[in-house]
Amino acid sequence: MKDLVKGDRVILTDTFYGDSLNNPVWEGKYGNIMGTVTRRGGDTVRVLWDNGAENGYSIGLEYIGMHGPKPKNSRPDPNSAFLRRKRHA
């Protein structure tokens, strides 16, 4: 986790924090929710999840790619990718 920076895309792979809307464990109760690192402070990484929740972590995140920082207070629509694919099908 020490190499994560603002804008990195991550998933939560550890159940240390539980499995909830604020801590959506990959393939857990809330499905496959990805997030974007919004800031870093020491050993803590702040993540804005694609479901709109935000939380801080010191363990359990896995890097999946870099897509650039999302605007502050953005609340991504989890259905937008599905709708784009459907329109192009």
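Residues numbered from 1 in each chain as written. Predicted model: local features only at pLDDT ≥ 70, side-chain atom pairs only at ≥ 80, totals over all residues. Heavy atoms only, no water.

Digging into the nonpolar core
Soluble globular proteins tend to pack their nonpolar side chains together in the buried interior. Cut-off, in case you're wondering: Side-chain atoms within 4.5 Å are what join buried Ala, Val, Leu, Ile, Met, Phe, Trp, Tyr and Cys residues into a set we call a nonpolar core. Exposed residues in this analysis have more than 50% of their type's maximum accessible area, buried residues have under 20%, and partly exposed residues fall in between, with area computed by a 1.4 Å probe over protein chains only. Helix and strand definitions follow DSSP, with helices as H or I runs of at least four residues and strands as E runs of at least two, each counted in order from the N terminus. The contact definition used throughout considers only heavy atoms, calling two residues in contact when any of these lie within 4.5 Å.
Formed by Leu4, Val10, Leu12, Val25, Ile33, Val37, Val45, Val47, Trp49, Ala53, Tyr57 and Leu61, the largest nonpolar core amounts to 12 residues. Elements with a minimum of two residues in this core: β1 (8–12) and β3 (44–49). With three residues, β3 is the largest single contributor of residues to this core. Aside from chain neighbours lying at most four places away, what touches Ala53 is Leu21, Asn22, Val47 and Leu48.

Observations regarding the side chain of Asp8
This is how it is decided: Only four residue types enter the charge count: Lys and Arg as positive, Asp and Glu as negative, with His and the chain ends excluded. Any Lys or Arg side-chain nitrogen located within 4 Å of an Asp or Glu carboxyl oxygen qualifies as a salt bridge. Think of a polar contact as two N or O atoms within 3.5 Å of one another; within protein, one of them needs to be a possible hydrogen donor and the other a possible acceptor, and neighboring residues in sequence only count if both atoms come from side chains.
Position of Asp8 relative to the elements: it lies in strand β1. Buried charge Asp8 goes without a salt bridge, the closest partner of opposite sign being Arg40 at 7.4 Å. One polar contact links the side chain of Asp8 to the main-chain amide nitrogen of Val5, over a distance of 2.9 Å. Residues within four places of Asp8 in sequence aside, it is in contact with Asp3, Gly35, Thr36, Val37, Tyr63, Gly65 and Met66.

Description of the packing of aromatic side chains
We count it as follows: Each Phe, Tyr or Trp ring, with Trp reduced to its six-membered ring, pairs with another whose centre is within 6.5 Å; inter-plane angles below 30 degrees give stacked pairs, above 60 give edge-to-face pairs, and intermediate values give tilted ones.
Evaluation of the coordinates by the stated rule reveals three aromatic pairs. Here the aromatic rings of Tyr17 and Tyr57 are separated by 5.0 Å at their centres, their planes lie at 85°, and the arrangement is edge-to-face. With Tyr17 in the loop between β1 and β2 (35–41) and Tyr57 in strand β4 (residues 54–57), this residue pair connects regions lying 40 residues apart in the sequence. Measuring from ring centre to ring centre gives 5.9 Å for Trp49 and Tyr57, while their planes differ by 80°; the resulting arrangement is edge-to-face. With a relative accessible area of 0%, Trp49 lands in the buried category. The buried category is assigned to Tyr57, whose relative accessible area is 1%. Members of the aromatic cluster, joined through ring pairs, are Phe16, Tyr17, Trp49 and Tyr57.

Details of the side chain of Asn23
Relative to the helices and strands, Asn23 resides in the loop between β1 and β2. Judged by its relative accessible area of 9%, Asn23 falls in the buried class. Only 3.3 Å separates the side chain of Asn23 from the backbone oxygen of Tyr17, close enough to count as a polar contact. Within the structure, the side chain of Asn23 is placed 3.1 Å from the side chain of Asn55, a separation counted as a polar contact.

Details of the pattern of salt bridges
Within this structure, the stated rule accounts for two salt bridges. The closest approach of N and O atoms between Asp50 and Arg9, which form a salt bridge, is 2.7 Å. Separated by 41 residues along the polypeptide, Asp50 in the loop between β3 and β4 and Arg9 in strand β1 bring together distant segments of the chain. Given the relative accessible area of 17%, Asp50 is considered buried. The residue Glu54 makes a salt bridge to Arg46 at a minimum N-O spacing of 3.7 Å. Classification of Glu54 by relative accessible area gives partly exposed; the value is 31%.

All we've got here are geometric facts, nothing functional implied.
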